[in-house]
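Structure assessment
The residues making up each chain are set out below.
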Amino acid sequence: MVWTGTWVAERLGVELIGDEELPALLGLALRRNPKRAHLLVSSVLGKHVPQRPSVVYGSGLDLGRRVRALLGDEEAARSVVLGYAETATALGHAVADGLGLAPYLHSTRRPVAGVARAGGFEESHSHATSHLLLPEDPKLLAGDGTLVLVDDEFSTGNTVLNTVRALHERYPRDRYVVVALVDMRSPSDLGRLDAFAAEIGARVDLVSGAAGTVRLPDGVLEKGQALVRQHERPYEPAHRAAAEAAVRIDLGWPEGIPDGGRHGFTPVHRAALETALPTMARRIAEAVGDGKASATTGARAATGALGATDAPADTDGPRATDAPATGAPADTDAHPATDARAAVPMPPGPPPAGPRVLVLGFEELMYAPLRLGTALEDAGHDVRYSTTTRSPVLAVDDPGYAIRTRIVFPAHDDPADGPGERYAYNVAGAGFDAVVVVVDSTADTPALHAPDGLLAQLAAHIPRVVLAVVPSYAPSTPHAPSTPYTPQVSDAEGHEDSEAPERSSMLPEPLRGPAFSSYAPEEVGWLLQDLSDVELEAPTEEREEAIQSGGAHYAESLPVEYQPNARYQELFHSALESSAARIARAVGTVTETVLAERPGRSPVLVSLARAGTPVGVLMRRWAAARHGLDLPHYAVSIVRGRGIDANALRWLAAHHDPADVVFVDGWTGKGAITRELAEAIGAFEETEGITGFDPEIAVLADPGSCVRTYGTREDFLIPSACLNSTVSGLISRTVLRADLVGPDDFHGAKFYRELADADVSNDFLDAVAARFDEVTGTVDIDVKELLAADRTPTWEGWAAVERISEEYGIHDVNLVKPGVGETTRVLLRRVPWKILAKRGADADLAHIRLLAEQRGVPVEEVDELPYSCVGLIHPQYTKGATGADGKAVVSQ
């Protein structure tokens, strides 16, 4: 039999080294993931590869029995088993069954209203990283017995260490046992567990089914991503009428028995479920029927959005490409069932009579369908088991590749992170005569039954689809949700009474220089994820056409970083020299205004990346120089049309009082981001129940009269607007793209380390800060006048933008960018059409005129403009809108 890792190993040079049984347990596949391109695919987990339920369940039972032998019966009865979502929820449950005496809990990515979070942790390499712990009994994790942590693979050890660290701070104990199907740590990771155990003063044991490691050659991530791009192709779903898609049955699920371990599962629950399983299995068998497999079943196949099912041209393995592009059943025998079944070991002796059945679970809901599968198998049926998943994996129809086919369908459980694609692997083309889809009632939605939903997609490949719905378990005693921010309160004796915030342990700590950005680590913490290794840049013209056509959002890619020539660099340094004092005055004014409006409190500066970040650093420096304050400063992402990064807000609420947060930006144009922030904060408060954030923005310059807190309302040249990353700590504009930023991730950005020689970020900061002393007296006068004045925004700039949009026939305010800073961005990042310059504002527009000259953009002098200049993006842009030299065409 061909090893199902051969295809990847031959192309990437990946090696699987270790115990002899490893090739039978693990295959290899590829996925689009910026952190790890390869995927270890277990043949005994029951997630991606359909397997006999007895094999899947038996693997976990065996590990649980080994843990019980290690601990002894007395300690086993005091222990708690914790499994990891989504892949190891059933495995952990089976381990708990093997222990026999221990309650079970698995992490979840589905928040439940009214259930308190008992903690959380981070899985750094996963497609969706953050985990919640929601036990019905809040004391479940509070005991001092052994905690048994179960995952499908133990690779770097990061996930386990994150878990133990988060839980040990809150529920310290003396012993932990880590359980995994395979121990795949590299030599460099082998000592980390022991070192960590010594650090926390606890014993940590490891129990695994097999051990080995994956040897990865240099450049494997880039090569893997290239292979994914080469073999992926668009997915066209099958469409079936909902009435044809499935037969619904009543399982008769026993009342009061949890559907899994999301809220806890005790030995009492275990015994009740065992009693009910045979009856439920009989109902499934009746619905499936006893008909023989159809002659054409084996020809059924699928296509996939992240990867075609085509076998590569240089292989001669079985192919599923005879299926139509629509995903409808094929009418050929090009993909015989015997080939599709070859990856699954068959039991000795003749195969069971009757149809070949797949029991298909749903994401985290793995244990209930697994036990239904074992009950069917015990009754003599030919059964396989697997589940759907969130994880996108490339499908390649080759015997040496672990993911042969995939079915794509929309999420159907109204997930908290919004809609998205879900997947079922190795189901199409595998020769199944019937599939039993097991979901909980929360996931039994119209989307499940829709013409492009899971049931219809399965019906395009499998003759009979049966739907079994397990009632979603509702905890009998709801608990109040935990408070994201709990200030410390001292009692009469000075003892602090505080509860550690749960969400803080789920999200990573801020990125800091010099590992991320050229700023000093104390200057700013970036609440972002590092996407430096991902190719995100696209030519300006391609981006513009995609954005204006609606084919892409501007935050899904990055413009190629503008590299200024010697003449432009000279302009920057000249502008910095002439305006440093003016900027210092504005910095002092806005900082003193912020402090005066919050007497007795210490503001937390939160810059809107990236234009706000240099301003936030300067405000922090002013507060330190003038008042001796050490203000916290972070940078977060906000995206027009998508809102502010909600995970960043959660992190801030877990570490600071939201009432202390002051949002900071460089300048206002027409006020779009001001409105975006206010709407995003309102939506966040409504959905999260976390209140206190003030949506007001403090800016250096407010020429559009959009905010109350500002350093000046003049539209003048701020030199930090002249450049991109090289004046902003070498950080790119922020990125928000579904395949790179999961629902529990911070937004992303790149650190352009390679541009270090051109970096002037700290030169800019130092030049402005050097002028603080000379402007102190002027700042005091400015602040006194500002605090006594009516600073109500007039939105004068927005009115001007609407007028310009209509006068110039653009009819889209998003293509009108007012102010020196925004006009500079148009010339550096977008396809400009023309520049409107206020007559007499030449002193602040030298760099604007130079950039316009370089790009062939006309500059039109106008009167009665509230800004020094306005940049107009080319309306209705297509590639034909530029001349042969690539410069913008002058409007006729």
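This section reports on the structure supplied with the text.

Cut-offs used in this document
The residue numbering used here restarts from 1 in each chain and proceeds along that chain's sequence as written. This being a predicted model, a pLDDT of at least 70 is required before a residue's local features are given, and a value of 80 or more before pairs of side-chain atoms are given or counted; all residues contribute to the totals for chains, interfaces and linings. Side-chain measures were taken over the full set of non-hydrogen atoms in the model, leaving aside hydrogen atoms and water. To define a nonpolar core, start from buried Ala, Val, Leu, Ile, Met, Phe, Trp, Tyr and Cys residues and group those joined through side-chain atoms within 4.5 Å. Only protein chains enter the calculation, and the probe is 1.4 Å; a residue is then buried if its accessible area is under 20% of its type maximum, exposed if over 50%, and partly exposed in between. Helix numbers and strand numbers start at the N terminus; a helix is a DSSP run of H or I with at least 4 residues, a strand a run of E with at least 2. We call two residues in contact whenever any of their non-hydrogen atoms come within 4.5 Å of each other. Salt bridges are counted wherever a side-chain nitrogen of Lys or Arg sits within 4 Å of a carboxyl oxygen of Asp or Glu. DSSP-based pairing: two strands are paired if at least 2 bridges between them are found. Axis definition: a line fitted to C-alpha atoms, limited for helices to the stretch in contact. Angles are taken between N-to-C directions and run from 0 to 180 degrees. Under this scheme an angle from 65 to 115 degrees is roughly perpendicular, one under 35 degrees roughly parallel, and one over 145 degrees roughly antiparallel; angles in between are oblique. We call Asp, Glu, Lys and Arg charged. Ala, Val, Leu, Ile, Met, Phe, Trp, Tyr, Cys and Pro are nonpolar, and the rest, Gly among them, are polar. Crossovers are described as right-handed under a simple rule: with the strands pointing away from the observer, the path leading from the first strand over the helix to the second runs clockwise. Less than a right angle of anticlockwise turn of the near helix away from the far helix marks a crossing as left-handed, whereas a clockwise turn marks it as right-handed.

1. With respect to the nonpolar core
- In this structure, Val-81, Val-179, Val-437 and Leu-458 are the most contacted members of the largest nonpolar core, which totals 103 residues.
- Looking at this core element by element, the count peaks at nine residues for helix H10 (residues 267-288).
- Ignoring sequence-local partners within four residues, the contact set of Val-437 consists of Leu-360, Leu-454, Leu-455, Leu-458, Val-465, Val-466, Leu-467 and Ala-468.
- Formed by 73 residues, the second largest nonpolar core is a distinct cluster that contains Leu-531, Ile-583, Val-664 and Val-741.

2. Some words on the pattern of salt bridges
- Enumeration according to the criterion identifies 40 salt bridges in this entry.
- The salt bridge partner of Arg-803 is Glu-807, with a shortest N-O separation of 3.5 Å. Placement of both Arg-803 and Glu-807 in helix H22 (residues 796-807) is noted, with a separation of four residues, approximately one turn of the helix.
- On the accessibility criterion, Arg-803 (34% relative accessible area) is partly exposed.
- Look at Glu-807 and you get exposed, because its relative accessible area is 54%.
- Because the salt bridges share partners, they merge into one network encompassing Glu-597, Arg-598, Asp-694, Arg-708 and Arg-791.

3. Quick look at the pairing of strand S14 (residues 406-410)
- With four of its five residues buried, S14 lies for the most part within the structure.
- Both S14 and strand S15 (residues 421-425) contribute to a ladder of five bridges, which runs antiparallel. Considered in S15, the bridge of Pro-410 is made with Glu-421.

4. Description of the sheet that holds strand S17 (residues 464-470)
- Pairing within the open sheet is parallel, and its five strands lie in the order S11-S17-S16-S12-S13. Strands with a single pairing partner mark the edges of an open sheet, and in this sheet they are strand S11 (247-249) and strand S13 (382-387). Here the strands of the sheet are splayed against their neighbours by 25° on average, with no regard to which way each runs.
- As judged from the three bridges shared by S11 and S17, these two strands associate in the parallel manner. Bridge pairing in S17 places Ile-249 opposite Ala-468.
- Where H10 meets the sheet, it contacts S11, strand S12 (356-361), strand S16 (434-440) and S17, and its direction lies at approximately 155° from that of S17.
- Those strands touched by helix H12 (residues 367-378) are S12, S13 and S16, and its axis lies near 170° from that of S13.

5. A few points about the packing of helix H17 (residues 612-627) against helix H21 (residues 772-788)
- Where H17 meets H21, the closest approach of the two axes is 12 Å, and the angle between their N-to-C directions is 85°. Classed by the angle they form, the pair H17 and H21 counts as roughly perpendicular. Across from Leu-618, Arg-621, Trp-622 and Arg-626 in H17, the residues of H21 making contact are Phe-772, Val-775, Thr-776, Val-779 and Asp-780.
- Among the residues making up the contact of H17 with H21, the classes are represented as five nonpolar, one polar and three charged.

6. A closer look at unusual backbone geometry
- Cis geometry is found at the peptide bond from Ala-85 to Glu-86, where omega equals 0°.
- Inspection of the secondary structure assignment puts Glu-86 in the loop between strand S4 (80-83) and helix H5 (89-99).
- A cis amide bond, omega 0°, links Ala-609 with the succeeding residue Arg-610.
- Looking at the element boundaries, Arg-610 is found in the loop between strand S24 (604-609) and H17.
- Although it is not a glycine, Ser-517 sits at a positive phi angle of roughly 95°.
- Although it is not a glycine, Leu-730 adopts a positive phi angle of roughly 65°.
- Residue position: Leu-730 is located in the loop between strand S29 (709-712) and strand S30 (748-749).
- For Leu-730, a relative accessible area of 3% translates into the label buried.

7. Looking at the pairing of strand S27 (residues 661-667)
- Of all seven residues in S27, seven are buried, a share of seventy percent or more.
- The sheet contact formed by S27 and strand S28 (residues 697-701) spans four bridges and is parallel. Note on S28: the bridge partner recorded for Val-664 is Ala-698.
- The parallel pair S27 and S28, bridged by helix H19 (residues 672-688), forms a crossover whose chirality is right-handed.

8. Description of the side chain of Glu-153
- Considering the arrangement of structural elements, one finds Glu-153 in strand S8 (residues 147-154).
- With sequence-adjacent residues up to four places away left out, Glu-153 is seen in contact with Arg-36, Leu-40, Ala-180 and Val-182.

9. Focus on the packing of helix H18 (residues 646-655) against H19
- Two elements in contact, H18 and H19, have axes separated by 11 Å at closest approach and are oriented at 65°. Considering their axes alone, H18 and H19 lie roughly perpendicular with respect to each other. Read as a crossing pair, H18 and H19 show a hand that is right-handed. Packed against H18, whose contacting residues are Ala-646, Leu-649 and Arg-650, the element H19 presents Ile-681, Phe-684 and Glu-688 at the interface.
- Split into classes, the residues belonging to the contact of H18 with H19 amount to four nonpolar, no polar and two charged.

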